[in-house]
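Here's the letter readout for the chains.
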Amino acid sequence: MSTLREKLENTDDLVFTAEFPSIDGGGMASVEKNAARLAPWFDAVNATDNPAAHAHASNTTTAIAMKMYGLEPIMQIVCRDKNRLAIQSDMMGASLHGITNISLLTGDDVTAGDEPEARRVFDVDGIQAINIARGMATGSYLSGRKIDPAPDFYIGAVENAAAPPFEYRIQRALKKHRAGANFLQLQICYHPDRLEAFCKGAAEVVPELKLIPAVALVKSAKSLNFMNDKIAGIDVPAASMARVQNASDQRDEVYQLTLELAKHALSLPGVRGLHITDFRHDDSLAQFMSDLARVPSY
Amino acid sequence: MLKKLLPLVEHALKAPVWDCRMCGQCVLHSTGMTCPMTCPKTLRNGPCGGVRENGNCEVKPEMQCIWVKAYDRTISLPLPKVWKEHYNDLRPPVDMRLQGSSSWINLVTKRDQQTPAGWSVKDRDH
Ligand code: SF4
């Protein structure tokens, strides 16, 4: 059983997850380096699938490489680049290599990336993909063709708690759980009020679903601005932006802001952990984790 | 004959009002009379995570997200209660073979309810 599943389903421990950097050049050495940096702090790490519609080393191969270097992957699959056949073979291929945490997302549009002229697929949507994964975990492909033994998937999904229509996001979390999701990683969120409303609602409507909100470690007001403008579904409130912009030490101010968001998120009902995307790549990750009272495991 | 004629009539009626894409498995009644196939990602199960602050679409910033529109309409339009209750249904993947055929015929013949053998939905969403 995956550590993630074991912790979320059989203990009350918090889990910490992270985003594995996209791999382009650099080969296995770069996987090894990143794995060594993340391993002491995280229970499981996301192997992304062409994030923001940019091509990189594939989700499956990255997940396999991560596993070789001792990380437990959460393999993401997005619906933008693959039809239902390819999505199922991604999952079966992952299972072949002992990868069982699978997270299914609709994904950013091709227009978010550097090849906006590409054909978008979206043969199935994120929720349908989750339901297909559940079908496989109970012993059959979408066609009904048997899989014996069935792969032991632990299925996750992603939701944006801070995007309109806000009230409906809770119903959507419920729908994802009904489709088969056990855990829900949330999009990076700079609106603590919206996150709170979402988590309270979800904890009530779908208490079995394990919520994992996300924060991003960034360096400056400029990078906050970038996320606000360029990453679909992320909005940074003007007050938070001004707070960082006007600070004498922007690096420290944005760090403090992120720490406050993280502590608040961890205090909310239904929340079982935290997802951290590190865009700083400096020594602040260790500081951040120890400020959250985490101890590394070597 | 009917098989050839009906898709033409259906499209002529539905296209001007709902921008019908003739997917052949119409769900308009359960989506606040808003066609999900006009979503650039053709999502049939609700809004993606990219909806903008103003409720507009991630892909087409000048257009209101069709799922935001569907949600507003489901709440505000005087639609039958059972239609409203179907808003959060888990809708199966589109059967691409039905593209261009008449959803009216497919409704009557129940062809639009056929799903692959491996597709099962645990329980209803309301
Ligand atoms: S924002 Fe709405 S209309 Fe645009 S792609 Fe996402 S779900 Fe579809």
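If you're wondering where the values come from, they're calculated on a predicted model, not measured in any experiment. (Residues numbered from 1 in each chain as written. Chains lettered and ligands numbered in written order. Predicted model: local features only at pLDDT ≥ 70, side-chain atom pairs only at ≥ 80, totals over all residues. Heavy atoms only, no water.)

Quick look at the overall build of chain B now. When you go through chain B residue by residue, the secondary structure sums to four helices and zero strands. Reading chain B from its N terminus to its C terminus gives the helix and strand order α-α-α-α. Counting only residues that meet the buried cut, chain B has 50% of its 126 residues in that class. Long-range pairs, those at least 24 residues apart, make up 55% of the contacts in chain B between residues at least 6 apart in sequence. In the structure as shown, chain B presents an accessible area of about 6600 Å², 62% of it carried by carbon and sulfur atoms. (Helix = DSSP H or I, 4+ residues; strand = E, 2+ residues; numbered from the N terminus. Buried < 20%, exposed > 50% of the residue type's maximum accessible area, 1.4 Å probe, protein only. Contact = heavy atoms within 4.5 Å. Areas by Shrake-Rupley, 256 points an atom, 1.4 Å probe, with all protein chains shown as cover.)

Lining the immediate surroundings of the ligand are 13 residues, of which Cys39(B), Cys48(B), Cys57(B), Glu58(B) and Cys65(B) lie closest. Of the residues assigned to the shell around the ligand, the class counts are eleven nonpolar, no polar and two charged. (Near = heavy atom within 4 Å. Nonpolar A, V, L, I, M, F, W, Y, C, P; charged D, E, K, R; others polar.)

Turning next to the pattern of salt bridges. Residue and element names in this part refer to chain A. Going through the model one piece at a time under the given rule, you end up with 18 salt bridges over all chains. Two residues, aspartate 49 and lysine 82, come together in a salt bridge whose shortest N-O distance is 3.3 Å. Pair noted here: aspartate 49 is in the loop between strand S2 (44-47) and helix H3 (59-68) and lysine 82 is in the loop between strand S3 (73-78) and helix H4 (84-96), with a separation of 33 residues, a long-range link. As far as the burial class goes, aspartate 49 and lysine 82 line up, both buried. Linking glutamate 196 and lysine 200 is a salt bridge whose minimum nitrogen-to-oxygen distance equals 2.9 Å. With glutamate 196 and lysine 200 both in helix H7 (residues 192-205), this residue pair falls four residues apart, about one helical turn. (Salt bridge = Lys/Arg side-chain N within 4 Å of Asp/Glu carboxyl O.)

Turning to the layout of surface pockets, a few remarks are in order. Its boundaries defined by the atoms lining it, the second largest pocket holds a volume of some 860 Å³. No other element matches helix H4 (residues 103-108) of chain B, which puts three residues into the lining of the second largest pocket. (1 Å grid on protein atoms, 1.4 Å probe; cavity = no way out; pocket = protein on both sides within 12 Å on 5 of 7 lines; lining within 4 Å. Points joined across faces, edges and corners; volume = space filled by probe spheres on them.)

Quick look at the interface of chain A and chain B now. Contact with chain A, which involves 39 residues of that partner, is made by 39 residues of chain B. Across the chain A/chain B interface, buried area totals approximately 3100 Å², and carbon plus sulfur atoms make up 53% of it. When residues of chain A are sorted by the area they lose upon contact with chain B, Tyr168(A), Lys175(A) and Arg178(A) head the list and together hold 20% of the total. The interface formed by chain A and chain B includes one salt bridge. (Buried area = accessible area lost by both parts, 1.4 Å probe.)

Time to look at the packing of aromatic side chains. All names here are of chain A. All chains considered together, the criterion is met by three aromatic pairs over all chains. On the numbers, 5.7 Å between centres and 85° between planes, the contact of tyrosine 255 with phenylalanine 288 is edge-to-face. With tyrosine 255 in helix H10 (residues 250-266) and phenylalanine 288 in helix H11 (residues 284-291), the pair connects residues that are 33 residues apart, well separated along the chain. There is no split in this pair, since tyrosine 255 and phenylalanine 288 are both buried. (Phe/Tyr/Trp six-rings, centres within 6.5 Å; stacked < 30°, edge-to-face > 60°.)

With that settled, the discussion passes to the sheet that holds strand S1 (residues 15-19) of chain A. Residue and element names in this part refer to chain A. Taking strand neighbours around the barrel as the criterion, the eight strands line up as S1-S2-S3-S4-S5-S6-S7-S8 in a closed arrangement whose pairing is parallel. Strand-to-strand twist across the sheet, computed as the mean angle between neighbouring axes with direction ignored, equals 25°. The sheet contact formed by S1 and S2 spans three bridges and is parallel. From the neighbouring strand, alanine 18 faces S2, where its bridge partner is valine 45. Sitting on the sheet, H10 touches S1, strand S7 (210-217) and strand S8 (273-278), and the angle it makes with S7 is about 175°. (Pairing = 2+ DSSP bridges. Axes fitted to C-alpha atoms, helices over the stretch in contact; angles between N-to-C directions.)

Quick look at the packing of helix H8 (residues 221-230) of chain A against helix H9 (residues 238-245) of chain A now. All names here are of chain A. For the pair H8 and H9, the least separation of the axes is 9 Å and the interaxial angle reads 155°. When the axes of H8 and H9 are compared, the pair comes out roughly antiparallel. Across the interface between the two elements, Ala221, Leu224, Asn225 and Asn228 of H8 pack against Met241, Val244 and Gln245 of H9. Broken down by class, the residue content of the contact of H8 with H9 amounts to four nonpolar, three polar and no charged. (Parallel < 35°, antiparallel > 145°, perpendicular 65-115°, else oblique.)

Residues and elements named next belong to chain A. With respect to the helices and strands, lysine 7 occurs in helix H1 (residues 3-10). Within the local environment of lysine 7, its side chain forms a polar contact with the side chain of aspartate 43, the two groups lying 2.7 Å apart. Those residues within four positions of lysine 7 in sequence are excluded, and the remaining contacts are Asp13, Leu14, Val15, Asp43 and Arg272. (Polar contact = N/O pair within 3.5 Å; in protein donor to acceptor, adjacent residues only side chain to side chain.)

All names here are of chain A. With twelve residues, helix H2 (residues 27-38) extends 17 Å between its outermost C-alpha atoms, agreeing within 8% with the 16 Å of an ideal straight helix rising 1.5 Å per residue. All buried positions along H2 are accounted for by Ser30, Val31, Asn34, Ala35 and Leu38. The arc that holds every buried residue of H2, seen down its axis, measures 130°, which confines them to one face. Relative to its buried face, H2 has exposed residues pointing more than 90 degrees away, namely Ala29, Lys33 and Ala36. Against the buried residues of H2 lie S1, S2, H3 and H11. (Expected span 1.5 Å × (residues − 1). Arc of directions from axis to C-beta.)

A word on the nonpolar core. Residues Phe42(A), Met91(A), Leu104(A), Tyr190(A), Phe198(A), Leu224(A) and Ile276(A) are the most contacted members of the largest nonpolar core, which totals 87 residues. Leu224(A) has contacts with Tyr190(A), Val218(A), Val236(A), Met241(A), Val244(A), Val254(A) and Leu257(A), leaving out every residue within four places of it along the chain. Core analysis: the second largest hydrophobic core is formed by 13 residues, Tyr168(A), Cys65(B), Tyr71(B) and Tyr87(B) among them. (Core = buried A, V, L, I, M, F, W, Y, C linked by side-chain atoms within 4.5 Å.)

Residues and elements named next belong to chain A. Look at helix H6 (residues 166-179) against H7: their axes get within 9 Å of each other, and the N-to-C directions meet at 40°. Relative to H7, the element H6 lies oblique. Of the two possible hands of crossing, H6 and H7 adopt the one that is right-handed. In this structure, H6 uses Phe166, Arg169, Ile170, Ala173 and Leu174 to contact H7, whose residues at the interface are Arg194, Ala197, Phe198, Gly201, Ala202 and Val205. When the residues that make up the contact of H6 with H7 are grouped by side-chain class, the tally is eight nonpolar, one polar and two charged. (Left-handed = near helix turned anticlockwise from the far one by under 90°.)

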